[in-house]
Amino acid sequence: MITPPGRRRRVGVASSVADMDEQRGPGAGPPERWRTGGPPRWWRQGPPGWSRRADGREDGLESAGRVRWPWPSTVLFTAFVLIGSGFADHAQAGERVALDPLGRVLLLLSGAVLLWRWRHPVAVLWGTVAAVLLYLGAGYPYGPVLLTVVVACFAAVASGRRYAAWAATGTLWAGHLLTVHVLYRWLPPSGDDAAPWTEEIVVATWVVALLSVSELARVRREQWARERAERARAERRRADEERLRIARELHDVLAHSISVINVQAGVGLALLDSDPEQARTALTTIKAKSKEALGEVRQVLDTLRAPGTAPRTPAPGLDRLPELAEQAASAGLAVTVEGEPPRLPPGADLAAFRIVQEALTNVVRHSGSREARVRVERRDGRLRLLVDDDGPATGADAGGTGNGLAGMRERAAALGGTIEAGTRPDGGFRVLAVLPIETEEDR
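Residues numbered from 1 in each chain as written. Predicted model: local features only at pLDDT ≥ 70, side-chain atom pairs only at ≥ 80, totals over all residues. Heavy atoms only, no water.

Q: Could you give an account of helix α8 (residues 162–181), with specific residues and numbers?
A: The terminal C-alpha atoms of α8 lie 28 Å apart, and with 20 residues this matches the ideal 28 Å at 1.5 Å per residue to within 8%. Every buried residue of α8 is accounted for by Ala164, Ala165, Ala168, Thr169, Leu172, Gly175, His176, Thr179, Val180 and His181. (Helix = DSSP H or I, 4+ residues; strand = E, 2+ residues; numbered from the N terminus. Expected span 1.5 Å × (residues − 1). Buried < 20%, exposed > 50% of the residue type's maximum accessible area, 1.4 Å probe, protein only.)

If you want it as structure tokens, here you go:
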């Protein structure tokens, strides 16, 4: 069902207001249009555009989920009906009953009720039909009074009350047939004849055209609503994917460095009294790793603050495996690298590097082995990354979050690859990543 224009913007406007509140930060207070003071509530429902402050209040009402009052169009329709009927009265003098106060009241009511056409479309439609039937039954001049039924019918169909619109329009036509072909003998003006049936065919054609145009407008509004909903879902999906990407990147950036810092801090504390020189070396390693981690985190945050700009430093790739082995060695883990890493696209290169980095981080945290082997192979357009250690698992907690394997699987799945991780038959642990990538040499 399609809702009126003011109501259908409720979710989008509310979410944008929430985003603005978030950017304003805590303690900044509500938006200006929600603060106390200013015109009273009844004044906010006056004609929009009288002042900038009134327009701001109208926006506030829309964001609160209320339907804006269609004052301008209602005044325009009512004035057109009254003025046009006045001209019709002069043109049909002697043929129809002259407009009197009752006729003008019926014209005014049929136009004034259009003010509620978006809030109560069915009631407004039946009200205009009743007013028009009374107007025609009283013998007043034909004129633009039927415009009020047209507007009310269009609003009802656009609001999703199609069956009510069909029933009300059919009732109006049936009432008109009854008036001009049966009851005309007893209704004013006296001496009136039955209307020709050719006129009824014209009236029926206009009724069908009105309903068809209204249905077309309803279908278009529903289509636009579906497109807006689909765009909103796509934006949410992109936001979720970006949030997961940032979470993976921050986890992978910090996990390895924090693990090294944790190990070196333990070494420094243990040797602080017995071997001050070794403790100094551990503290130097902690300082270097913390500086490196801060730099990588700053690079990720700079990307968030300035989307679309190129990063200041290149993203890490498999060409930094020797550097990664040296970092692991500073944490007491000897890493052997086998195979020559191929040249990969930046996204695949970064994913492969982060997978190896996380695998080595898990060895530092959870394995009793102080040796690990990294093998890089390229077979049939697939990159195989194999990380082995001889275990056993220590069960020690090094401050991990438990998201390492999940992050590796997400990175591999994003490239259409797989991750296999588990205990080997000889008691060690193995991580195997298979990434179906296209190398730069292949392109």
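On we go.
Q: Account for a nonpolar patch on the surface, naming residues and giving values.
A: On the surface, Leu178, Val182, Leu183 and Trp186 cluster together to form a nonpolar patch covering roughly 390 Å² of accessible area. For Leu178, a relative accessible area of 42% gives the class partly exposed. (Patch = residues over 30% accessible without salt bridge, like charges linked within 9 Å, V, L, I, M, F, W, Y side chains within 5 Å. Areas by Shrake-Rupley, 256 points an atom, 1.4 Å probe, with all protein chains shown as cover. Salt bridge = Lys/Arg side-chain N within 4 Å of Asp/Glu carboxyl O.)

Q: Provide a residue-level description of the nonpolar core, including the pertinent values.
A: Leu318, Leu333, Leu360, Leu383, Leu385 and Leu435 are the most contacted members of the largest nonpolar core, which totals 32 residues. Taken together, the elements giving at least two residues each to this core come down to α11 (321–330), α12 (346–366), β2 (371–379), β3 (382–389), α13 (404–414) and β5 (429–436). No other element matches the nine residues that α12 contributes to this core. If we ignore the near neighbours within four places in the chain, the residues touching Leu385 are Leu318, Ala352, Val356, Arg375, Val376, Val431, Leu432, Ala433 and Leu435. By size, the runner-up hydrophobic cluster in this structure holds 25 residues, among which are Tyr140, Val145, Val151 and Cys153. (Core = buried A, V, L, I, M, F, W, Y, C linked by side-chain atoms within 4.5 Å. Contact = heavy atoms within 4.5 Å.)

Q: Let's hear about the pairing of β5: which residues, and what values?
A: As defined by bridge partners, β3 adjoins β5 across eight bridges and the pair is classed as antiparallel. The partner of Leu385 across the bridge, within β5, is Ala433. For strand β4 (residues 418–423) and β5, the ladder comprises six bridges, and the chain directions are antiparallel. Note on β5: the bridge partner recorded for Glu420 is Leu432. In this structure, the hairpin formed by β4 and β5 is closed by a connection of five residues, where Gly427 is found at a positive phi of approximately 105°. (Pairing = 2+ DSSP bridges.)

Honestly, that's just the spatial picture; any functional story needs more than this.
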